[in-house]
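Coordinate analysis (summary)
If you want the building blocks of each chain, they are given just below.
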Amino acid sequence: MNRINVEITKVYSSDGIVLVDMEAGNCPMSAMLIEASEIPRWIMPGNIISAVFKETEVSLAKEFSGKISLRNKLPCIIEFIERGQIMSVITLRFGEEIIHSAITTRSVDSMELKQNDNVLALIKANEITLMQQ
Amino acid sequence: MEDDLIEIDVEKKLISASGILNLHIKTSLNFGELVVVFGDSGAGKTTLLRILAGLTEPDRGLIRVGNKVWFDSQASVNLRPQDRNIGFMFQDYALFPNMTVHQNIAFAQKDKDKNYANQLMDKFGLTEFANRKPTKLSGGQKQRVALARTLARKPDFLLLDEPLSALDMNMRTALQDEILKAHQFNKTTTLLVSHDLSEVFRLANKVLKIDQGIVTGKGSPDELFLNDKISGKVQITGTLVRIEKHDTFYLLTVITGTNQVIKVTAFQNDIENLHEGDQVLVFTKAFNPFIRKIKR
């Protein structure tokens, strides 16, 4: 799994649905959670926690323009591409952190992804789990 | 005071080989719950069950079940075991060797209701063994007879002291189902002693954690045992049984506490500290899983 350090900046809650705004470096991020009973105390502004997301939930965009509903757009540099027959794993540098994206090898080829490319790693807010450190 | 509440506040000084234990159990439970009493050996779990059954007298305290007082040291009330309407099954359940399965069950009945005895045998798959003596039964079958016999009195309370500890994994799982059945059959309140975590997750509505004679935790299995520091709402504990490399990722096989086989993909950094045989937590978010009816 991918696990990066984030600082919680704001917590919105309505009817059991919680939207947590965070910052990773200077990059804004969001996670959507279901907390039907009570928001755990460690989820509060100012706390440094981990944002956790699966490699298969990280999409990549290159030369991206336009509007998109995704809340999490992390600017990254491609460090390494491990090519498989069908699936490839891309190692990405995101500021101080390393994250991985698992996408089809077909996409790697059609996007002509290569080392040192600038890409956006895209993750939906509801795919991000929070963990206390 | 509520009518559907069991109030327990009992003290007893226990002297054992490992020293003196001051048992002081103070808690309340709801009618109809399946409560697993969890703790290390020597924590006082069996004593608590014996106290509830009326087999061991506390030094002082109170046991109130709904509006009925079972024990009150100040008022010198101490209901006899037979007046508490409990079913008690010990680890070394003893069937009467000279009686058949049917006779073992019928003997325990207060009302000698033949229909009910047949119903119980049917429920626990014992009908075909009705006329066998216990020596002609397997371990699992004997355990089922013991459970059926415990239910024959139509108890309000089932007290089960590690009823499955002597059995292998497959038999345990099968009999856990029987215990659930037994619990639901008469809408009893069940207290079951166990120190097997998968059993806790399988059976318990509520866990009463006892340490050194004192209640140190009470809540759902999730609340007490799952890592509440993860926001993921779908959390499954299990044993990692296989790690296979597929192309650029790994496929892990996990057997869950309910004996289901699940597969999870993982990547290089995940498997660096994972080994086959490890106890693992599989988690995801409430948003992700699909759900579909398989039986009504």
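Relevant structure appears above.
Described below are features of the structure shown in this document.

1. Overview of the overall build of chain B
Helix and strand counts for chain B stand at eight helices and 15 strands. The buried share among the 296 residues of chain B stands at 33%. Across chain B, the fraction of contacts at a sequence separation of at least 24, relative to all contacts at a separation of at least 6, is 64%.

2. Examining the nonpolar core
Judged by nonpolar contacts, the single largest core of 54 residues is most densely connected at Val36, Val37, Ala148 and Leu192 of chain B. Here this core takes six residues from helix α4 (residues 139-152) of chain B, the largest share from any one element. Among residues more than four places away in sequence, those in contact with Val36 of chain B are Leu192, Ser194, Val200, Leu203, Ala204 and Val207 of chain B. With 30 residues, the next largest nonpolar core counts Val20, Ala31 and Val58 of chain A together with Phe249 of chain B among its residues.

3. Quick look at helix α5 (residues 169-185) of chain B
Residue and element names in this part refer to chain B. In this model α5 runs 24 Å from its N-terminal to its C-terminal C-alpha over 17 residues, within 8% of the 24 Å that 1.5 Å per residue would give. Looking at the buried side of α5, the elements it contacts are β3 (34-38), α4, β8 (157-161), β9 (189-194) and α6 (197-203). Just downstream of α5, Lys187 is the residue with a positive phi angle, here 50°.

4. Structural notes on the sheet that holds strand β3 (residues 27-34) of chain A
Residue and element names in this part refer to chain A. Spatial strand order, β3-β2-β1-β4-β10: five strands in an open sheet with antiparallel pairing. Single-partner strands in this sheet number two, and they are β3 and β10 (129-131). Each strand axis lies, on average, 45° off the axis of its neighbour in the sheet, ignoring direction. By the bridge criterion, seven bridges tie strand β1 (residues 2-14) to strand β2 (residues 17-24) in an arrangement that is antiparallel. Looking at the pairing, Tyr12 lines up with Leu19 of β2.

5. What to know about the packing of helix α2 (residues 101-108) of chain B against helix α3 (residues 114-123) of chain B
All names here are of chain B. Their axes nearest at 10 Å, the elements α2 and α3 cross at an angle of 125°. Taken together, α2 and α3 sit at an angle that is classed as oblique. For α2 against α3, the interelement crossing comes out right-handed. For the pair formed by α2 and α3, the contact residues are His102, Ile105 and Ala106 on the first element and Ala117, Leu120 and Met121 on the second. Classifying every residue of the contact of α2 with α3 by side-chain character gives five nonpolar, one polar and no charged.

Procedures and definitions
- Residues numbered from 1 in each chain as written.
- Chains lettered and ligands numbered in written order.
- Predicted model: local features only at pLDDT ≥ 70, side-chain atom pairs only at ≥ 80, totals over all residues.
- Helix = DSSP H or I, 4+ residues; strand = E, 2+ residues; numbered from the N terminus.
- Buried ≥ 20, exposed ≤ 12 C-beta atoms within 10 Å, placed from the backbone.
- Contact = placed C-beta atoms within 7 Å.
- Core = buried A, V, L, I, M, F, W, Y, C linked by C-beta atoms within 7 Å.
- Expected span 1.5 Å × (residues − 1).
- Pairing = 2+ DSSP bridges.
- Axes fitted to C-alpha atoms, helices over the stretch in contact; angles between N-to-C directions.
- Parallel < 35°, antiparallel > 145°, perpendicular 65-115°, else oblique.
- Left-handed = near helix turned anticlockwise from the far one by under 90°.
- Nonpolar A, V, L, I, M, F, W, Y, C, P; charged D, E, K, R; others polar.

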